[in-house]
Amino acid sequence: MFTGIIEEIGVLRSIRRGSDSAQLVIEAEKVLQGSQVGDSIAVNGVCLTAVRFETGRFTADVMAETLDKTNLGLLHSGYKVNLERALRLGDRLGGHLVSGHIDGVGTITRQERHDIATLVTVRAPKEIMPYMIKKGSVAIDGTSLTVVDLETEHFRVSLIPHTAHATVLGLKRVGDTVNLEADIIGKYVEKLVSPKEEAGRESRLTMGFLTEHGFL
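It should be emphasised that the depicted structure is a prediction, and the values quoted were computed from it without experimental measurement.

Visitor: Explain the overall build of the chain here, please?
Guide: Counting secondary structure elements, the chain contains 4 helices and 12 strands. Taken against the 2.2 N^0.38 rule, which gives 17 Å for 216 residues, the C-alpha radius of gyration of the chain at 18 Å falls within 12% of a compact globule. Seen through its principal axes, the chain has C-alpha atoms that stretch 55 × 45 × 40 Å. Looking at the chain as a whole, 42% of its 216 residues are labelled buried. Of the contacts formed within the chain by residues at least 6 apart in sequence, a portion of 65% connects residues at least 24 apart. Element-wise, carbon and sulfur atoms account for 51% of the exposed surface of the chain, whose accessible area totals about 12200 Å². Positive and negative charge centroids in the chain, built from 25 and 28 side chains respectively, lie 3 Å apart.

Visitor: How do you make sense of the pairing of strand β10 (residues 143-150) when you look at a structure like this?
Guide: For a regular strand, the rule is simple: side chains alternate between the two faces of the sheet. Where strand β9 (residues 137-140) meets β10, 4 bridges bridge the pair, whose relative direction is antiparallel. In the strand pairing of β10, Ser137 is matched with Thr146. Hairpin connection from β9 to β10: 2 residues lie between these consecutive antiparallel strands, with Asp141 at a positive phi of about 50°. Where β10 and strand β11 (residues 154-159) come together, 3 bridges link them in antiparallel fashion. Residue Leu150 lies in a different strand from β11, and its bridge partner there is Phe155. Turn length for the β10-β11 hairpin, with the two strands adjacent in sequence and antiparallel, is 3 residues.

Visitor: Just checking my understanding: could you explain the sheet that holds strand β4 (residues 46-54) for this structure?
Guide: Whenever strands of a sheet pair, they do so through backbone hydrogen bonds, lying parallel or antiparallel. In spatial order, the strands read β1-β2-β5-β4-β3-β6; together these 6 strands close into a barrel with antiparallel pairing. Sheet twist, expressed as the mean angle between neighbouring strand axes with direction ignored, is 45°. Both strand β3 (residues 40-43) and β4 contribute to a ladder of 4 bridges, which runs antiparallel. Bridge pairing in β4 places Ser40 opposite Thr49.

Visitor: Sorry if this is basic, but what is going on with the sheet that holds β11 here?
Guide: Here we have 6 strands rolled up into a closed barrel, ordered β7-β8-β11-β10-β9-β12, and antiparallel in their pairing. Each strand axis lies, on average, 45° off the axis of its neighbour in the sheet, ignoring direction. Taken together, the 4 bridges between strand β7 (residues 104-114) and strand β12 (residues 177-182) define a ladder with antiparallel strand orientation. Bridged to Gly104 within β12 is Leu180.

Visitor: Honestly, the packing of aromatic side chains in this entry has me stumped. Any pointers?
Guide: Two aromatic rings, taken as a pair, are described by how far apart their centres are and by the angle between their planes. By the definition in use, this model includes 1 aromatic pair. Here Phe53 and Phe58 contribute two aromatic rings whose centre-to-centre distance is 6.4 Å and whose plane-to-plane angle is 40°, an arrangement assigned as tilted.

Visitor: Could you clarify how one ought to interpret the nonpolar core in this entry?
Guide: Taken as a class, soluble globular proteins show a tendency for nonpolar side chains to be buried jointly. Residues Leu24, Ile26, Val43, Leu48, Phe58, Leu72 and Leu83 are the most contacted members of the largest nonpolar core, which totals 21 residues. Only β1 (8-17), β2 (22-27), β3, β4, β5 (57-62) and β6 (80-85) provide two or more residues apiece to this core. For Leu48, the residues in contact, after removing those within four places along its chain, are Leu24, Asp39, Ser40, Ile41, Val43, Ala60, Asp61, Val62 and Leu72. Residues Val120, Ala124, Phe155 and Leu180 belong to the second largest nonpolar core, which totals 18 residues.

Parameters and conventions
Residues numbered from 1 in each chain as written. Predicted model: local features only at pLDDT ≥ 70, side-chain atom pairs only at ≥ 80, totals over all residues. Heavy atoms only, no water. Helix = DSSP H or I, 4+ residues; strand = E, 2+ residues; numbered from the N terminus. Rg over C-alpha atoms; globule rule 2.2 N^0.38 Å. Buried < 20%, exposed > 50% of the residue type's maximum accessible area, 1.4 Å probe, protein only. Contact = heavy atoms within 4.5 Å. Areas by Shrake-Rupley, 256 points an atom, 1.4 Å probe, with all protein chains shown as cover. Lys, Arg positive; Asp, Glu negative; His and termini not counted. Charge placed at Lys NZ, Arg CZ, Asp CG, Glu CD. Pairing = 2+ DSSP bridges. Axes fitted to C-alpha atoms, helices over the stretch in contact; angles between N-to-C directions. Phe/Tyr/Trp six-rings, centres within 6.5 Å; stacked < 30°, edge-to-face > 60°. Core = buried A, V, L, I, M, F, W, Y, C linked by side-chain atoms within 4.5 Å.

Spelled out as C-alpha coordinates, the structure:
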(Lines give C-alpha, C1' and ligand atoms only; values in the text may rest on other atoms or scores of the structure.)
Protein backbone atom coordinates (compact mmCIF):
# COMPACT_ATOMS: atom_id res chain seq x y z
CA MET A 1 0.00 0.00 0.00
CA PHE A 2 1.00 3.60 -0.64
CA THR A 3 -0.18 7.07 0.40
CA GLY A 4 0.01 9.00 -2.87
CA ILE A 5 2.58 11.39 -1.37
CA ILE A 6 5.41 11.32 -3.89
CA GLU A 7 8.85 11.03 -2.28
CA GLU A 8 10.94 12.05 -5.26
CA ILE A 9 11.09 12.30 -9.03
CA GLY A 10 13.26 9.62 -10.60
CA VAL A 11 14.64 9.32 -14.12
CA LEU A 12 14.15 6.32 -16.36
CA ARG A 13 17.66 5.45 -17.53
CA SER A 14 16.74 2.48 -19.70
CA ILE A 15 13.82 0.31 -20.70
CA ARG A 16 14.59 -3.14 -22.02
CA ARG A 17 11.64 -4.52 -23.91
CA GLY A 18 10.91 -8.21 -24.19
CA SER A 19 8.36 -9.88 -26.43
CA ASP A 20 5.66 -9.37 -23.82
CA SER A 21 7.37 -7.61 -20.91
CA ALA A 22 9.86 -4.89 -20.03
CA GLN A 23 12.56 -4.12 -17.50
CA LEU A 24 12.98 -0.59 -16.18
CA VAL A 25 16.19 0.84 -14.76
CA ILE A 26 15.40 3.97 -12.77
CA GLU A 27 17.79 6.50 -11.29
CA ALA A 28 16.75 7.55 -7.81
CA GLU A 29 18.09 8.55 -4.42
CA LYS A 30 15.60 8.76 -1.58
CA VAL A 31 13.56 5.63 -2.38
CA LEU A 32 16.76 3.57 -2.38
CA GLN A 33 17.32 4.26 1.32
CA GLY A 34 16.37 1.20 3.35
CA SER A 35 15.01 -0.61 0.30
CA GLN A 36 15.85 -4.24 -0.44
CA VAL A 37 15.34 -6.66 -3.29
CA GLY A 38 11.68 -7.69 -3.29
CA ASP A 39 10.40 -4.39 -1.89
CA SER A 40 7.58 -2.52 -3.60
CA ILE A 41 8.14 0.89 -5.16
CA ALA A 42 5.39 2.80 -6.93
CA VAL A 43 6.51 4.15 -10.31
CA ASN A 44 3.99 6.68 -11.66
CA GLY A 45 1.49 5.03 -9.34
CA VAL A 46 2.22 1.47 -10.50
CA CYS A 47 3.30 -0.94 -7.78
CA LEU A 48 6.49 -2.61 -9.01
CA THR A 49 8.91 -4.99 -7.32
CA ALA A 50 12.55 -3.96 -7.13
CA VAL A 51 14.62 -6.89 -8.42
CA ARG A 52 18.08 -5.32 -8.34
CA PHE A 53 19.86 -2.36 -6.78
CA GLU A 54 22.97 -0.61 -8.01
CA THR A 55 24.57 2.66 -6.99
CA GLY A 56 21.98 5.37 -7.56
CA ARG A 57 19.44 3.18 -9.35
CA PHE A 58 17.12 0.20 -9.15
CA THR A 59 15.65 -2.27 -11.63
CA ALA A 60 12.04 -3.43 -11.82
CA ASP A 61 10.31 -5.94 -14.10
CA VAL A 62 7.03 -5.05 -15.81
CA MET A 63 4.71 -7.81 -17.01
CA ALA A 64 2.40 -7.73 -20.01
CA GLU A 65 -0.76 -6.91 -18.01
CA THR A 66 0.92 -3.85 -16.50
CA LEU A 67 2.16 -2.63 -19.87
CA ASP A 68 -1.36 -3.05 -21.26
CA LYS A 69 -3.21 -1.28 -18.43
CA THR A 70 -0.82 1.62 -17.68
CA ASN A 71 1.24 4.20 -19.52
CA LEU A 72 4.59 2.65 -18.52
CA GLY A 73 4.89 1.13 -21.97
CA LEU A 74 4.94 4.64 -23.47
CA LEU A 75 7.98 5.75 -21.47
CA HIS A 76 11.40 6.26 -23.00
CA SER A 77 14.90 6.71 -21.60
CA GLY A 78 15.20 10.12 -19.94
CA TYR A 79 11.55 10.36 -18.87
CA LYS A 80 10.91 11.50 -15.33
CA VAL A 81 8.69 9.39 -13.05
CA ASN A 82 7.01 9.72 -9.67
CA LEU A 83 8.45 7.42 -7.00
CA GLU A 84 7.13 6.30 -3.61
CA ARG A 85 8.16 3.49 -1.31
CA ALA A 86 5.50 1.26 0.21
CA LEU A 87 3.73 2.50 3.33
CA ARG A 88 5.03 1.24 6.68
CA LEU A 89 2.79 0.76 9.70
CA GLY A 90 3.18 3.84 11.85
CA ASP A 91 3.85 6.22 8.94
CA ARG A 92 1.73 9.33 8.51
CA LEU A 93 -1.05 8.87 5.96
CA GLY A 94 -0.80 12.29 4.36
CA GLY A 95 -2.71 11.38 1.20
CA HIS A 96 -5.10 8.44 0.97
CA LEU A 97 -4.82 4.66 0.70
CA VAL A 98 -3.37 3.83 -2.71
CA SER A 99 -2.90 0.21 -3.80
CA GLY A 100 -0.66 0.80 -6.80
CA HIS A 101 -3.05 -1.18 -9.02
CA ILE A 102 -4.03 1.08 -11.91
CA ASP A 103 -7.67 1.17 -13.02
CA GLY A 104 -7.03 2.81 -16.37
CA VAL A 105 -5.22 5.49 -18.33
CA GLY A 106 -6.62 9.00 -18.67
CA THR A 107 -5.69 11.92 -20.91
CA ILE A 108 -5.13 15.53 -19.88
CA THR A 109 -7.51 17.67 -21.94
CA ARG A 110 -7.11 21.08 -20.34
CA GLN A 111 -4.86 23.08 -18.02
CA GLU A 112 -5.68 26.51 -16.66
CA ARG A 113 -4.15 28.74 -14.02
CA HIS A 114 -6.33 29.90 -11.15
CA ASP A 115 -4.33 32.26 -8.95
CA ILE A 116 -1.48 30.09 -7.53
CA ALA A 117 -3.11 26.79 -8.52
CA THR A 118 -3.35 24.94 -11.81
CA LEU A 119 -6.67 23.29 -12.66
CA VAL A 120 -6.16 20.08 -14.65
CA THR A 121 -8.99 18.39 -16.54
CA VAL A 122 -8.61 14.67 -17.22
CA ARG A 123 -10.69 12.53 -19.56
CA ALA A 124 -11.09 9.15 -17.88
CA PRO A 125 -12.32 5.73 -19.05
CA LYS A 126 -16.05 5.30 -18.46
CA GLU A 127 -15.52 2.47 -15.98
CA ILE A 128 -13.61 4.79 -13.64
CA MET A 129 -15.99 7.75 -13.56
CA PRO A 130 -18.60 6.12 -11.26
CA TYR A 131 -15.97 6.17 -8.49
CA MET A 132 -15.33 9.89 -8.86
CA ILE A 133 -17.09 12.17 -6.42
CA LYS A 134 -16.56 15.83 -5.58
CA LYS A 135 -14.07 16.20 -2.74
CA GLY A 136 -13.19 12.52 -3.16
CA SER A 137 -9.69 11.17 -3.71
CA VAL A 138 -7.98 9.96 -6.87
CA ALA A 139 -4.37 8.97 -7.58
CA ILE A 140 -2.94 10.44 -10.80
CA ASP A 141 0.43 8.96 -11.74
CA GLY A 142 0.55 7.92 -8.10
CA THR A 143 -0.13 11.41 -6.72
CA SER A 144 -2.96 11.72 -4.20
CA LEU A 145 -5.30 14.50 -5.31
CA THR A 146 -8.80 15.75 -4.57
CA VAL A 147 -11.51 15.82 -7.23
CA VAL A 148 -12.81 19.40 -7.38
CA ASP A 149 -15.36 18.94 -10.17
CA LEU A 150 -16.55 16.33 -12.63
CA GLU A 151 -18.66 15.77 -15.73
CA THR A 152 -19.76 12.66 -17.60
CA GLU A 153 -16.36 11.79 -19.03
CA HIS A 154 -14.04 14.25 -17.28
CA PHE A 155 -12.94 15.25 -13.82
CA ARG A 156 -10.79 18.12 -12.52
CA VAL A 157 -8.12 18.39 -9.89
CA SER A 158 -6.19 21.37 -8.61
CA LEU A 159 -2.41 21.41 -8.28
CA ILE A 160 -0.81 23.69 -5.72
CA PRO A 161 2.69 24.92 -6.65
CA HIS A 162 4.36 22.37 -4.34
CA THR A 163 2.60 19.42 -6.02
CA ALA A 164 3.44 20.73 -9.48
CA HIS A 165 7.10 21.09 -8.48
CA ALA A 166 7.48 17.86 -6.48
CA THR A 167 5.79 15.50 -8.98
CA VAL A 168 5.85 14.87 -12.72
CA LEU A 169 2.37 16.38 -12.98
CA GLY A 170 3.98 19.79 -13.23
CA LEU A 171 5.71 18.61 -16.41
CA LYS A 172 2.58 17.23 -18.07
CA ARG A 173 0.93 18.97 -21.00
CA VAL A 174 -2.45 18.72 -22.73
CA GLY A 175 -2.61 15.41 -24.58
CA ASP A 176 -0.32 13.57 -22.16
CA THR A 177 -1.54 10.34 -20.59
CA VAL A 178 -1.73 9.64 -16.86
CA ASN A 179 -2.25 6.51 -14.78
CA LEU A 180 -5.46 6.60 -12.75
CA GLU A 181 -6.41 4.74 -9.60
CA ALA A 182 -9.83 5.38 -8.09
CA ASP A 183 -10.33 5.47 -4.33
CA ILE A 184 -10.06 1.88 -3.09
CA ILE A 185 -12.68 2.50 -0.39
CA GLY A 186 -15.28 3.28 -3.05
CA LYS A 187 -14.57 -0.04 -4.76
CA TYR A 188 -15.13 -2.00 -1.56
CA VAL A 189 -18.32 -0.11 -0.78
CA GLU A 190 -19.62 -0.87 -4.28
CA LYS A 191 -18.81 -4.55 -3.83
CA LEU A 192 -20.63 -4.68 -0.50
CA VAL A 193 -23.78 -2.89 -1.65
CA SER A 194 -24.02 -4.83 -4.93
CA PRO A 195 -26.21 -7.94 -5.08
CA LYS A 196 -24.31 -11.10 -4.16
CA GLU A 197 -25.51 -13.14 -7.10
CA GLU A 198 -23.22 -16.04 -6.31
CA ALA A 199 -24.90 -16.46 -2.94
CA GLY A 200 -28.42 -15.96 -4.28
CA ARG A 201 -29.10 -13.03 -1.98
CA GLU A 202 -28.48 -9.32 -1.68
CA SER A 203 -26.10 -7.68 0.75
CA ARG A 204 -27.63 -6.14 3.87
CA LEU A 205 -25.21 -3.24 3.40
CA THR A 206 -27.25 -0.90 1.17
CA MET A 207 -27.07 2.80 0.34
CA GLY A 208 -30.04 3.31 2.67
CA PHE A 209 -28.21 1.53 5.48
CA LEU A 210 -25.08 3.67 4.96
CA THR A 211 -27.14 6.88 4.93
CA GLU A 212 -29.15 5.89 8.01
CA HIS A 213 -26.00 5.22 10.01
CA GLY A 214 -24.20 8.39 9.01
CA PHE A 215 -21.71 7.00 6.47
CA LEU A 216 -23.11 9.11 3.60
